[in-house]
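Secondary and tertiary structure notes
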Amino acid sequence: MGAIDSSIINVALPQIQASLGVTVTEVTWVSTAYLISLSLIMPLTAWLGTRLGRKNVYQACLLIFTGASVLAGLSSSLSSLLAARFIQGAGAGALQPTEQAILRETFPVEEQGLAMGLYGLAVMVGPAVGPTFGGWLTDNFGWRWIFFINLPIGIIGWWMVRNNVPEPAYIRAQRTNIDGVGIGLLSVGLCSLLVMLEQGNQWDWFNSTAVWVLSGLAMACLASFIVWELWGTRTPAVDLRILKNASFAAGTTLGGMLGVVLFGALFLLPLFLEDVLGYDATMSGLALMPRSLVMLVMMPFTGLLYNALGPKVLIGSGFLVTSWSMYAMGQFTAASDPHQVLIPQVVSGLGFALIFVALSTTTLAGIPRERMSAATGLYNLVRQLGGSFGTAIFATMLENDTQRQHAYLAVNANLSHAPFQQFYGAMRSFFLSQGSAQASQQSLALVNGIVSQQASVLAFEHVFMLVAVLLLVPFPLLWLLKPAVRRSDAAPVLE
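Residues numbered from 1 in each chain as written. Predicted model: local features only at pLDDT ≥ 70, side-chain atom pairs only at ≥ 80, totals over all residues. Heavy atoms only, no water.

**Considerations on the overall build of the protein chain**
Within the protein chain, the secondary structure is distributed over 21 helices and 0 strands. In terms of principal-axis extent, the alpha carbons of the protein chain reach across some 90 × 50 × 45 Å. Considering only intrachain contacts with a sequence separation of at least 6, the fraction spanning at least 24 residues in the protein chain is 82%. Surface summary for the protein chain: the accessible area is close to 21800 Å², and the carbon and sulfur share equals 67%. If the 22 positive side-chain charges of the protein chain are averaged to one point and the 23 negative ones to another, these points end up 11 Å apart. (Helix = DSSP H or I, 4+ residues; strand = E, 2+ residues; numbered from the N terminus. Contact = heavy atoms within 4.5 Å. Areas by Shrake-Rupley, 256 points an atom, 1.4 Å probe, with all protein chains shown as cover. Lys, Arg positive; Asp, Glu negative; His and termini not counted. Charge placed at Lys NZ, Arg CZ, Asp CG, Glu CD.)

**A short note on the packing of aromatic side chains**
Counting across every chain of the model gives 8 aromatic pairs. Ring geometry for Phe141 versus Trp145: centroids 6.5 Å apart, planes at 55°, classification tilted. An angle of 70° between the planes, with centres 4.9 Å apart, marks the rings of Phe206 and Trp212 as edge-to-face. With a relative accessible area of 43%, Phe206 lands in the partly exposed category. Judged by relative accessible area, Trp212 falls into the exposed class, the value being 52%. (Phe/Tyr/Trp six-rings, centres within 6.5 Å; stacked < 30°, edge-to-face > 60°. Buried < 20%, exposed > 50% of the residue type's maximum accessible area, 1.4 Å probe, protein only.)

**Some points on the nonpolar core**
Within the largest apolar cluster, 102 residues are counted, with the highest numbers of intra-cluster contacts made by Phe248, Leu268, Phe272, Leu273 and Met326. Per element, the largest residue contribution to this core is 14 residues, and it comes from helix H15 (residues 246-275). Beyond its immediate sequence surroundings of up to four residues, Leu268 is in contact with Phe394, Leu398, Phe460, Val463, Phe464 and Val467. Counting residues in each nonpolar core, the second largest holds 17 residues, with Ile9, Ala12, Val22 and Val27 among its members. (Core = buried A, V, L, I, M, F, W, Y, C linked by side-chain atoms within 4.5 Å.)

**Some points on helix H2 (residues 13-20)**
Listing the buried residues of H2 in full gives Leu13, Ile16 and Leu20. The arc that holds every buried residue of H2, seen down its axis, measures 60°, which confines them to one face. Along H2, the residues that are exposed and aim more than 90 degrees away from the buried face are Pro14 and Ala18. Taken from the residues just after H2, Gly21 is the one with a positive phi, measuring 65°. (Arc of directions from axis to C-beta.)

**What to know about a nonpolar patch on the surface**
A cluster of nonpolar side chains, namely Leu114, Leu118, Leu293, Leu296, Val297, Phe301 and Leu304, defines an oily patch on the protein surface of about 640 Å² accessible area. A per-element tally of the nonpolar patch places helix H16 (residues 281-309) first, with 5 residues. One can find Leu293 in helix H16. (Patch = residues over 30% accessible without salt bridge, like charges linked within 9 Å, V, L, I, M, F, W, Y side chains within 5 Å. Salt bridge = Lys/Arg side-chain N within 4 Å of Asp/Glu carboxyl O.)

**Focus: the confidence of the model for the protein chain**
Taken as a whole, the protein chain shows an average pLDDT of 82; of its residues, 93% reach a score of 70 or greater. Considering only residues more than four positions removed or in separate chains, one finds that residues 486-495, a stretch of pLDDT under 50, has 11 contacts. (pLDDT = per-residue confidence, 0-100.)

Okay, here's the thing in structure tokens:
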């Protein structure tokens, strides 16, 4: 539910804009508000658990998320919708970190790969099916139902947690002081960073004073936060010392790279399908479905393979396979048929399945259980921030490169160039034969459309190629990863 909600909103933004009578710039804050509060709560999950109890926090966040979903569906103005989305993101922020901590403690080491594989179905498939599901709900029932649909799921989830998830005794025994300075620095720093990343492209990045101010504020606050949490307090809100574990630090870095690629791919491919190939939203969602289906089938198997092959083989293979799929997408043209689109989606689905299960399992393998919530919160935050960076960077690159390629291709679109003169003459003759009184203008508009389309193709090619190369960069970090120790080999845990 939480994973789908981060992407389901995007397809409904045009209808929300029309319904509430707001501008395109204003309606994008519906996504930004959710992302900001989501990212703020993620790293604070462990601290909240020690203060209030992990099960209590999880149940409360489920109710907050569900209640805010209803409020969002009932919103009659942009301000009320933004407030509901902010509250909704706060509820969603603790879900993934807490779920991973619960799974790590519930299952023995030899079963954790399979457990994380099954869990990964929701986390990875959710963003992939979100746009398709959201488009269907929006088209048939209206945008408000993308929020109302959470009500029965949230209530059932709360009831299942209440009856089946225990509260560990060691968490009940912990109580820490409030780290007001750390929480304040983190809140201001993350808010500034995420607003800059989400809105920077619309503000023309560093040509805008707002971007300079926000980036400076983010750097100052986050740097101060790191110093304070490491050396300024004995009860940090976010346990950054956990990064001394080399395997966890390497896995978290790889998770950030996974976020860049996963969110980047989910952002780029639908744009290409709709803007270049002319797919509608439903067709675009269906084109992404094979990747989700492959992940659905492969996740449990990769969980089993983890015990046999270990994390380095699976993660390395996953990055290689995903890199090839991005390279294949870089070969797309304006004439690409569904078969050419299908194969890279199947391959990338396999790659993501190989990476996610092994990476989640090995990153948290050496973490003591009392620090598990802190580790999962930090791991998920870095992956979320990676997605924000990836989307911002790729969107800017795509826009700038499209303009650059258009200017490059348009150089030859003049009457002194023989092929252009021949094509232009043929088109003008055709429009004249149809009785058009504006044959010249129509011919030029047609040429401009062709140039724009080819410029987009070239820009997408360059960005996909960059993603393919980026996937090869973090390979040295694989050597720092350590597999989980089987329970039979591990020291006994004293209750």
